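Breakdown of the fold
Below, each chain spelled out in residue letters.
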Amino acid sequence: MSLLFVADIHLCQQESAITTGFIHFLHTRALKADALYILGDLFEVWIGDDDPNPLYQDIALALKVLNQRGIPCYFINGNRDFLLSSRYATACAMTLLPEQQVLQLDRQRVVILHGDVLCTDDKAYQSFRRMVHQRWLKQLFLYLPLSLRLLIADRIRANSQRANVGKTDNIMDVNQQAVMAVMTYTGASVMIHGHTHQPAIHTMDMDNCHYRAVLGSWHQQGSAIKIDAAGVTLVEFPFCS
Ligand code: LP5
Ligand code: MN
């Protein structure tokens, strides 16, 4: 059994090397896995499944190949693509998962999530998140013309970038109590998440058999976590290898 996990690819039209690298990954490493889990922020920003951006068609076609080869692909929304929904997931032949999912494997329980909900010290972000996750607001936003949605998304991104300059690394990292609460509640011995862009496999303080595996972003290279007979491994690789 070999499971692959990725997050924070941040695909966008301006970054063609990342797109090429990710499609190459789908055609090579992912085809050797038994399943692929995408844990959010596949896209730099997502303003609705009706966006005709050709990049999204290319990625859907590439992801669909996995399904055609019998490799299931699962997706958890990130904070950038929390509006990605069933229409696009169907086009990619990937299964949408809830924001937190437990996988019962032979030897361990693994909890997977994007990771933004663990950043509880970032109060401004958590209240922003509560606001934009309201169902009525999401629906209202999706009724707006694409050009206006794009404008609003740009404004939010600019605000977010400005706000992040004033935040310490500590505030933007996960809160240990929030991590422990999820692991205790789910009974998982391994947690896999992205969002913080700080790839590592941490051994939890409580003992030596609980791990938190953090995925890296795809800004300069590919990053994935693999679970197979060898255990839980963080793999980083050049875009076209
Ligand atoms: O994304 P990243 O890593 O840079 O920063 C995140 C947090 N920021 C966000 C915002 C996203 O970057 C942008 C999402 C765009 C979604 C498009 C659809 C919009 C639909 C809205 C309606 C349903 O997630 C950042 C965290 C950081 O991670 C680390 O965890 O700190 O959080 C913030 O920056 C939040 C700020 O602290 C407050 C945000 C102010 C937003 C103000 C809104 C202005 C609205 C203008 C409208 C015209
Ligand atoms: Mn994120």
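Residues numbered from 1 in each chain as written. Chains lettered and ligands numbered in written order. Predicted model: local features only at pLDDT ≥ 70, side-chain atom pairs only at ≥ 80, totals over all residues. Heavy atoms only, no water.

For the protein, the name recorded in an unreviewed UniProt entry is UDP-2,3-diacylglucosamine hydrolase, with Candidatus Hoaglandella endobia as its organism. Under Subcellular location (unreviewed entry), UniProt gives the following word-for-word description of the protein: "Cell inner membrane". (UniProt positions renumbered as here; feature names shortened; annotations may be inferred.)

On to the packing of helix α1 (residues 16-27) against helix α2 (residues 54-68), then. Axes are the key here: two packed helices are described by the angle between their axes and the distance separating the axes. Remark: α1 packs on α2, axes separated minimally by 9 Å, with the N-to-C direction vectors making an angle of 15 degrees. Taken together, the axis directions place α1 and α2 in an arrangement best described as roughly parallel. α2 is crossed by α1, and the crossing has left-handed handedness. In contact with T19, F22, I23, L26 and H27 of α1, α2 contributes L55, I59, A62, L63 and L66. (Axes fitted to C-alpha atoms, helices over the stretch in contact; angles between N-to-C directions. Helix = DSSP H or I, 4+ residues; strand = E, 2+ residues; numbered from the N terminus. Parallel < 35°, antiparallel > 145°, perpendicular 65-115°, else oblique. Left-handed = near helix turned anticlockwise from the far one by under 90°. Contact = heavy atoms within 4.5 Å.)

Let's shift gears to the UniProt feature "binding site: Mn(2+) 2" (unreviewed entry) in the protein. Mapped onto this numbering, the UniProt entry annotates "binding site: Mn(2+) 2" (unreviewed entry) at D41, N79, H114 and H195. The greatest C-alpha distance among the residues just named is 8.2 Å, despite their covering 155 residues of sequence, which places them together in space. Relative to the assigned elements, N79 resides in the loop between β3 (73-75) and α3 (86-92). Given a relative accessible area of 19%, N79 falls into the buried group. Within the secondary structure, H114 is located in the loop between β6 (109-113) and α4 (123-132). Every residue in contact with H114, bar those within four places of it in the chain, is listed here: D8, L39, G40, D41, I76, N77, G78, N79, E99, H193, G194 and H195. Looking at H114, its side chain comes within polar contact range of the main-chain oxygen of L39, at 2.8 Å. (Buried < 20%, exposed > 50% of the residue type's maximum accessible area, 1.4 Å probe, protein only. Polar contact = N/O pair within 3.5 Å; in protein donor to acceptor, adjacent residues only side chain to side chain.)

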